[in-house]
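Close look at the chain arrangement
Spelled out, the chains give:
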There are 6 protein chains.
Amino acid sequence: MDLNNLGIVKRTIVRADAEAARRLARFGVATVHEAMGRVGLMQPYLRPVYAGARCCGTAVTVLLHPGDNWMLHVAAEQIRDGDVVVAACSSECGDGFFGDLLATSFRAQGCLGLIIDGGVRDVRTLSEMAFPVFSRAISAKGTVKAALGSVNIPVVCAGAQVNPGDVVLADEDGVVVVPAGIAGAVADAAQAREDSEVAKRDRLAAGELGLDMYRMREALAKAGLKYLD
Amino acid sequence: MDLNNLGIVKRTIVRADAEAARRLARFGVATVHEAMGRVGLMQPYLRPVYAGARCCGTAVTVLLHPGDNWMLHVAAEQIRDGDVVVAACSSECGDGFFGDLLATSFRAQGCLGLIIDGGVRDVRTLSEMAFPVFSRAISAKGTVKAALGSVNIPVVCAGAQVNPGDVVLADEDGVVVVPAGIAGAVADAAQAREDSEVAKRDRLAAGELGLDMYRMREALAKAGLKYLD
Amino acid sequence: MDLNNLGIVKRTIVRADAEAARRLARFGVATVHEAMGRVGLMQPYLRPVYAGARCCGTAVTVLLHPGDNWMLHVAAEQIRDGDVVVAACSSECGDGFFGDLLATSFRAQGCLGLIIDGGVRDVRTLSEMAFPVFSRAISAKGTVKAALGSVNIPVVCAGAQVNPGDVVLADEDGVVVVPAGIAGAVADAAQAREDSEVAKRDRLAAGELGLDMYRMREALAKAGLKYLD
Amino acid sequence: MDLNNLGIVKRTIVRADAEAARRLARFGVATVHEAMGRVGLMQPYLRPVYAGARCCGTAVTVLLHPGDNWMLHVAAEQIRDGDVVVAACSSECGDGFFGDLLATSFRAQGCLGLIIDGGVRDVRTLSEMAFPVFSRAISAKGTVKAALGSVNIPVVCAGAQVNPGDVVLADEDGVVVVPAGIAGAVADAAQAREDSEVAKRDRLAAGELGLDMYRMREALAKAGLKYLD
Amino acid sequence: MDLNNLGIVKRTIVRADAEAARRLARFGVATVHEAMGRVGLMQPYLRPVYAGARCCGTAVTVLLHPGDNWMLHVAAEQIRDGDVVVAACSSECGDGFFGDLLATSFRAQGCLGLIIDGGVRDVRTLSEMAFPVFSRAISAKGTVKAALGSVNIPVVCAGAQVNPGDVVLADEDGVVVVPAGIAGAVADAAQAREDSEVAKRDRLAAGELGLDMYRMREALAKAGLKYLD
Amino acid sequence: MDLNNLGIVKRTIVRADAEAARRLARFGVATVHEAMGRVGLMQPYLRPVYAGARCCGTAVTVLLHPGDNWMLHVAAEQIRDGDVVVAACSSECGDGFFGDLLATSFRAQGCLGLIIDGGVRDVRTLSEMAFPVFSRAISAKGTVKAALGSVNIPVVCAGAQVNPGDVVLADEDGVVVVPAGIAGAVADAAQAREDSEVAKRDRLAAGELGLDMYRMREALAKAGLKYLD
């Protein structure tokens, strides 16, 4: 029995249905997170490196070690059109694991973006390239290429479990992971949620109160809310 | 005697003079903070959710619980034209308590902005709506509606005491609270301070040193400053 | 023997060669940091106060105390054309040590920017002036003028040792310090590094993998990397 | 009208009833916090500087500035038997504002402990003296005596509003503020709460489940909880 | 298909072999973490609430919501002798989810300890009871019982994936998760590692250098290490 | 010219006078920090790994990389009786760089303690060995041996510049660096300071106020302090 899942590259992964990923790409992270029952959200310290960054694709996962980006080069070869690379780190590290050269390479392989629980650099160029990156830090500090991690194993990235092939969606509000097997159903639920919000928005804009629209007054009174003058 | 100030909505509050609030809106937070003797500043972790956000209005206060935004719906009904909602939380929480639907509702009631010691979501839409929000975090994570807090009680928000009706001013530099009773006097003092800075800025731009303009040389020498070559 | 290096202003400092500083200004921080052997980087919590801020110049150093900006006024007199002020603090403090008046004065003396291990305010005006500032915080909180620090002594700023006259370069990726004595050599090395990257970028953009371009496959196999299907 | 509440020492304050303070001293912070409706808790970053520290007394409040402990000397004169000094700071600072000499002086004036939203030093001696201190940091860094704050004004300390004379209780679980006017009532409520917990503890220790003792099963089922095998 | 894994209690879980768990209990967390290939470690912000706390057992997992401990009561019923409760939270929260009453109840059900990515209170009593708790915070702030989470689903706790029935080991160095299926093999590997360290410790204590014992000199020279006088 | 100071081991360093180091060992960090003019203090996040840890010795410096402890093995050979190892890291990392085996080795070489701007593990054993360690974190996570750093070069450790041979003193209050050349003079100043405090402590204990003993009343009045009843 092998105790160690380091030093492994899984070449064959089952990606979520491409059409489901495309449909999910049209929604916001908050909507998708609600639609799948409020699970799968990465921690909010992951932020876009430029305003307006946004991406959605199927996950190629990477496990890095602090200060070492060797596995990102290994991961590049596993990228297929429509993938997003999701890089976890075996412990907290804000070094610049990724910059414009890797972004150029990833894009050439069909990659739509990077989610990394670590730092990145060359953010001006990344912004000019419009290559979406969500990271925990920005740092000019480079990394070495010395320690084996793995590619396409299950990882925990910024607090969320990610399996290779899952759909990953990122925008201004954060990053959410949709398991491959439920991507289509989540897209359906997100659409339903969005449809229902249109009417609500109109009613609220017209001055109706949420207290009335959501029929909260009775529950509030029952809970003991008191109005004083 | 009632030990508990939870579960209370105060409907009648004394708002600061509207004209004083309008006058304060023309100044920067740093100027107003100086003008009132360097008190009333919220902690600097509150940041605008989009570049250029800015607001000034009279406070409707809310006390929330972590992961629960029920009271924001209750607060909506208490908003009057020119108000800013100030939401404190009973313990630190970065969840997304507020999003585009609540922003739509708050605006329809006359609200000019939100200051929240918590997280918000839908920031792209908030930015498109130009609805100013200052928060401690951005997070797609939604909240429940289960626990009573209060509306229009005195709260401590991001380290500053806020009473309902106080003027709250927020810009790129932070958020400052001006007690309702001194809003006019603070506006006067802010104007005086701003007037005095115009001439100073011209002199400094012309190359005069602050050492001379503020007559600091004697005090520095007395304190023991030594110049070496 | 004097145990105390507080209360000192060194008027004569040896600045790095101006031409070397000009050459360094053309490179990114990440490139220069690599070119000098990955040393001299400040900690990544220093961030530009507006998007696109960037500066490069010779250091006038300042040691401040928490909540006290007196020495920034003393430093203004020591600025020469092409300088960047580097302000350290004797303990962590995010107060607004610097604002638009000091920026006006610094610019009038020839200053190209400020690196401060503390907070600043008036960031809207700083942005309109296009005066580059890299700070650990933004805060409207003002400071007093009461305690002696020093000007043009060696300081540790955000984790990096800075001697007066060193070249300091700051951009979106961070802040790096180049010792005055090696500024020209580092510029040469940065140029060589940048030249070598052009060809690499083209090859990566054409789809060549880093695994092949950097000849990593043998080392990875030797380290034990296993490919699974 | 005076805009500025800095530079003020209030000599006459109304302290909470001494007997109520004595009674509160027998309870834990968690119990008292519950008893008063879950308000008045300081943020949990305040920690005792030695294991087992604990204090309860009437508040003498101080507003300090970062890096400046002058007002602690002013406060010493206002201490009466049974007081606890509560020191807030106008912005976040972890410097060592307080050490063994001030502890000696405070104790000589009758002080029972210190709550400080800042740092302290000489913690070995404080521990040997058994002088209870709850602080946000431990730091050997000293402070200056240059800027006026105030004594016995209302302050916000670690997120809680404190008025001079309030009862402040601190133990391993945190620090809670009991307004002077309700100290006796809160002590009554704390006693009632503690009495009710004895029986509960016995039942739980005997193996009864909280699900049954608190009759939660129906509410859980109604909320939709599903048991799977 | 069910999108939502909230509101579920799994009653039947496959616990790791009890003998394997007992064997693992004899090792330190660092040893076990090494023995299983440096995976499975929780983030180091989890700390014991009293000095010397230590526990090892099979995991009953809980997913909580911020400020809500309802599911801990539900979990109590699922505890069997030798279990450790592992509580994750859907977003970061330091409230006091757990105190002496729950500890009494958990112990009565056979629980050996608690790992919680949240806060706890009553730490003096927990210490007196010698009930081991590892938490991210200590806080007197209580929680409500309003929102459904789940029990015995896979969770991410402090950055580590935990499945119900896994072995969880916690000591001064941190918390590590050993998947149920490899618990015995990891215990073997930990024993082998510990055996090999005895001889090394003796040689190092006798003055032999690691450089020689681990034969590092050649690799260091090859990497380019230069000795200067 | 060599741009790179990595990969260097300096074998010959000038250690501070041993008698001066012995004398400094008798004082507290706060006293020494004051005695040398309030410079040289490391940041307060460095904490002892067990209560009562304390050390004083001459510095052997090490520059590590994140997740890599190779250079600690190299450093072991450079230790002489009375040294303290000071380990900086090229970027922030809390991994466990150091544990009981290295402690055994260091002690065998004559080392009196470790100051590390990183994490350590095996803290129970370190405590039992009474080997003093001051670190930024405790973590069971191990490190690799792959990247060259340097030994006995000047480093910035936790914000303080340290040259090999400097005296480093650490206790409950923090860590302070005394340059080798002034160690004796600082010991003299520390003694003088300690002598002067004895009398002050007695006067304060007898009830004399600092306001009077330090003659602060006039300065306070001049600054504008107002006493109100």
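This text goes with the structure placed above it.
Attention here is on the structure that accompanies the text. Model, not experiment: these values are computed from the prediction. (Residues numbered from 1 in each chain as written. Chains lettered and ligands numbered in written order. Predicted model: local features only at pLDDT ≥ 70, side-chain atom pairs only at ≥ 80, totals over all residues. Heavy atoms only, no water.)

Even without being glycine, N152 of chain A reaches a positive phi, approximately 65 degrees. By secondary structure assignment, the location of N152 of chain A is in the loop between β7 (150–151) and β8 (155–157). On the basis of relative accessible area, N152 of chain A is assigned to the buried category, the value being 4%. Look at A130 of chain E: it is not a glycine, yet its phi comes out positive at around 55 degrees. Within the secondary structure layout, A130 of chain E lies in the loop between α5 (123–129) and β6 (133–138). (Helix = DSSP H or I, 4+ residues; strand = E, 2+ residues; numbered from the N terminus. Buried < 20%, exposed > 50% of the residue type's maximum accessible area, 1.4 Å probe, protein only.)

Let us now look at the interface of chain E and chain B. Tallying the contact residues gives ten residues for chain E and ten residues for chain B. Both faces considered, chain E and chain B share a buried interface measuring about 670 Å² in area, 59% of it formed by carbon and sulfur atoms. Of all residues in chain E, the largest losses of buried area upon contact with chain B belong to P66, S91 and K141 of chain E, amounting jointly to 45% of the total for that side. Inspection of the chain E/chain B interface yields zero salt bridges. At the boundary of chain E and chain B, one finds six residue pairs in polar contact (both at pLDDT 80 or more). Among the residues forming the side of chain E that touches chain B, the class breakdown is four nonpolar, three polar and three charged. (Contact = heavy atoms within 4.5 Å. Buried area = accessible area lost by both parts, 1.4 Å probe. Salt bridge = Lys/Arg side-chain N within 4 Å of Asp/Glu carboxyl O. Polar contact = N/O pair within 3.5 Å; in protein donor to acceptor, adjacent residues only side chain to side chain. Nonpolar A, V, L, I, M, F, W, Y, C, P; charged D, E, K, R; others polar.)

Here helix α4 (residues 100–108) of chain A crosses helix α6 (residues 183–205) of chain C at 20 degrees, and the two axes come no closer than 8 Å. Between α4 of chain A and α6 of chain C, the interaxial angle falls into the category roughly parallel. In the packing of α4 of chain A onto α6 of chain C, the handedness of the crossing is right-handed. Where α4 of chain A approaches α6 of chain C, its residues D100, L101, T104, S105 and A108 of chain A are matched on the opposing element by E197, R201, L204 and A205 of chain C. For the contact of α4 of chain A with α6 of chain C, a count of residues per class yields four nonpolar, two polar and three charged. (Axes fitted to C-alpha atoms, helices over the stretch in contact; angles between N-to-C directions. Parallel < 35°, antiparallel > 145°, perpendicular 65-115°, else oblique. Left-handed = near helix turned anticlockwise from the far one by under 90°.)

This part takes up the pattern of salt bridges. Following the criterion strictly, the structure yields 108 salt bridges over all chains and no others. E77 of chain A is the salt-bridge partner of R217 of chain C, the closest N and O atoms lying 2.9 Å from each other. Within this pair, whereas R217 of chain C is found in helix α8 (residues 217–223), its partner E77 of chain A is found in the loop between α3 (70–76) and β4 (83–89), the two belonging to separate chains. A single network of salt bridges, built from pairs that share partners, joins E34, R38, R193, E197 and R201 of chain A together with D100 and R121 of chain B.

Another point: the relation of the copies chain B and chain A. The two copies are related by a screw operation: chain B maps onto chain A through 120 degrees of rotation and 0.0 Å of translation along the axis, at an RMSD of 0.0 Å. The two molecules are tied by a three-fold rotation axis, judged by turn and shift. Every residue of chain B has its C-alpha some distance from the rotation axis, and the shortest such distance is that of A51 of chain B, at 5.7 Å. (Least-squares fit on C-alpha atoms with pLDDT ≥ 70 in both.)

Once that is clear, we can look at the pairing of β4 of chain A. All names here are of chain A. The element β4 is largely enclosed, with a buried count of seven among its seven residues. Taking every second residue as pointing to the same face, both faces of β4 are buried, with D83, V85, A87 and C89 on one and V84, V86 and A88 on the other. By the bridge criterion, seven bridges tie strand β3 (residues 55–64) to β4 in an arrangement that is parallel. The residue bridging L64 from the neighbouring strand is C89, located in β4. With respect to chirality, the unit in which β3 leads through α3 into the neighbouring parallel β4 is right-handed. Handedness of the crossover joining β4 and strand β5 (residues 114–120) through α4: right-handed. (Pairing = 2+ DSSP bridges. Right-handed = clockwise from strand over helix to strand, strands pointing away.)

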